[in-house]
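Structure at a glance
The residues making up each chain are set out below.
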Amino acid sequence: MKKVLILGSSGSIGVNALNVLRKLPEQFEVTALTVNSQINLLEKQIKEFQPKFAVVNDESAASDLRKRSIGNCKILSGEEGLLHAAAETEYDILVGAMVGFAGLAPTIEAVKRGKRVALANKETLVVAGQLITDLTKKHGAEIIPVDSEHSAIFQCLTGENKNSIKKIILTASGGPFLNKNMEDLKSVTVKEALNHPNWKMGNKITIDSASMMNKGLEVIEAHWLFGIEKENIEVIIHPQSIIHSMVEFVDGSIKAQLGLPDMKLPIQYALTYPERIQVDFPPTSLTKIGTLTFFEPDFDKYECLRLAYRVLTEGGTAPCVLNAANEVAVEKFLKGKINFSAIPKYISMALEKMENHISPDLNAIFECDKETRKFVKSLA
Ligand code: MN3
């Protein structure tokens, strides 16, 4: 019986992780759940899964929850509670399903304890890739990707020698604006940007998919997860989202992993790896799908993707600046304060403004994140 802590149990990945765990009661036990503020959903999850701990980031929501009858589950709160859950409580696998930079510190605690991290929170590797990679080696931790593309690559690489990889081919759906041009992007609405054709996800990642920043973050994530240089990471558009990604080997052979776009599969694989467990996911009918198509991304239209490759070249805190600026810009776009094409502009401005620190420690990363947010928030 493996014990599981879920960071971010009210989000789309967290809910799907619980959907997976609900069907595997013999193998897994949920020991802790964390949310930002959604206590109504958390209360239901606590009643069903009976974890020993739950953390609510928002203090007043936490005290509301403490007044309800939730059995023996201990309610912690704030950043301190989050760190306590990751650093002190008992678990075997941490599911990193929080959104954005906030997932970094607790993930590091799990890595330092040599745990398995089923990582969905790509921002963690984007901002602190070197640090996490070094700590993972040092403490014998295990990072198993939950991101569908990286899970695909991870599956393609099973049994292969790293030296035989020629390149990684990340597939991208192209998002809701695949058929729009650069001019159109200036006037797209929040509602249009949130209407992803293939995947149902949270707001932040859905906007990132529309701008292709999501794919840019995934290029950086792939670099750190698999130790592959950016020249050997290619992005291609595949609108059907059936091939989740591919690996090309030195002999010219290409391996791909296919399936319907459903996060339950990569989540379950990260939990049960190296085993595969039979489940009742709907089958992938290739004859029903019929056609798979591929084409090159337009880097002028998807400026965010170009910026992601650029910060990977620059290294240091540049990826942290990109991530923080993007998080703030996306928030501004969702609130209707800026238009869609201002997102890459704000990121470029932040990259110009912020000084790059090479080989940053955790403090330097936190400082960079804070300063970049301050700068981008101050932009009109
Ligand atoms: Mn993905």
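Whatever comes next refers back to the structure up there.
What this report covers is the structure whose coordinates are included nearby. (Residues numbered from 1 in each chain as written. Predicted model: local features only at pLDDT ≥ 70, side-chain atom pairs only at ≥ 80, totals over all residues. Heavy atoms only, no water.)

**Quick notes on the overall build of the protein**
Filter applied, for reference: Helix and strand definitions follow DSSP, with helices as H or I runs of at least four residues and strands as E runs of at least two, each counted in order from the N terminus. Here the globule rule is a power law, 2.2 Å times the number of residues to the power 0.38, and the radius of gyration is based on C-alpha atoms. In what follows, residue pairs with any heavy atoms lying within 4.5 Å of each other are defined as contacts. Note that His is not counted, nor are the chain ends; the positive residues are Lys and Arg, and the negative ones are Asp and Glu. Where a charge lies is defined by one atom per residue type, namely NZ (Lys), CZ (Arg), CG (Asp) and CD (Glu).
Secondary structure summary: the protein contains 17 helices and 11 strands in total. For 380 residues, the compact-globule formula gives about 21 Å, and the C-alpha radius of gyration of the protein, at 20 Å, lands near that figure. Here the contacts in the protein between residues at least 6 apart in sequence split such that 67% fall between residues at least 24 apart. Each charge sign in the protein was given a centre, from 44 positive and 46 negative side chains, and these centres are 4 Å apart.

**A word on the packing of aromatic side chains**
When we look at a pair of aromatic rings, we describe it by the centre distance and by the angle of the planes. Going by this rule: Any pair of Phe, Tyr and Trp rings, taking the six-membered ring for Trp, is counted once the centres come within 6.5 Å. Such a pair is stacked with planes under 30 degrees apart, edge-to-face with planes over 60 apart, and tilted for the rest. Burial classes: relative accessible area under 20% of the type maximum marks a residue as buried, over 50% as exposed, and values in between as partly exposed (1.4 Å probe, protein chains only). Lysine NZ or arginine CZ positioned within 6 Å of the ring centre and within 35 degrees of the ring normal marks a charge as sitting over the ring.
The tally for this structure, following the rule as stated, stands at 7 aromatic pairs. For the ring pair phenylalanine 177 and phenylalanine 340, a centre distance of 5.2 Å and an interplane angle of 80° mean the geometry is edge-to-face. Taken together, the residues phenylalanine 177 in the loop between β8 (165-172) and α8 (182-185) and phenylalanine 340 in the loop between α15 (318-334) and α16 (342-353) connect sequence positions 163 residues apart. Measuring from centroid to centroid gives 5.4 Å for phenylalanine 333 and phenylalanine 340, while their planes differ by 65°, and the two rings are edge-to-face. Phenylalanine 340 shares its class with phenylalanine 333; the two are buried. The rings of Phe154, Tyr269 and Tyr273 are connected pair by pair, giving a single aromatic cluster. Its guanidinium or amino end placed over the ring of tyrosine 91, lysine 115 lies 5.4 Å from that ring's centre, counting from NZ or CZ.

**Brief notes about the environment of glutamate 331**
In this fold, glutamate 331 is placed in helix α15. Between the C-alpha atoms of glutamate 331 and alanine 61, which are 270 residues apart in sequence, the distance is 22 Å.

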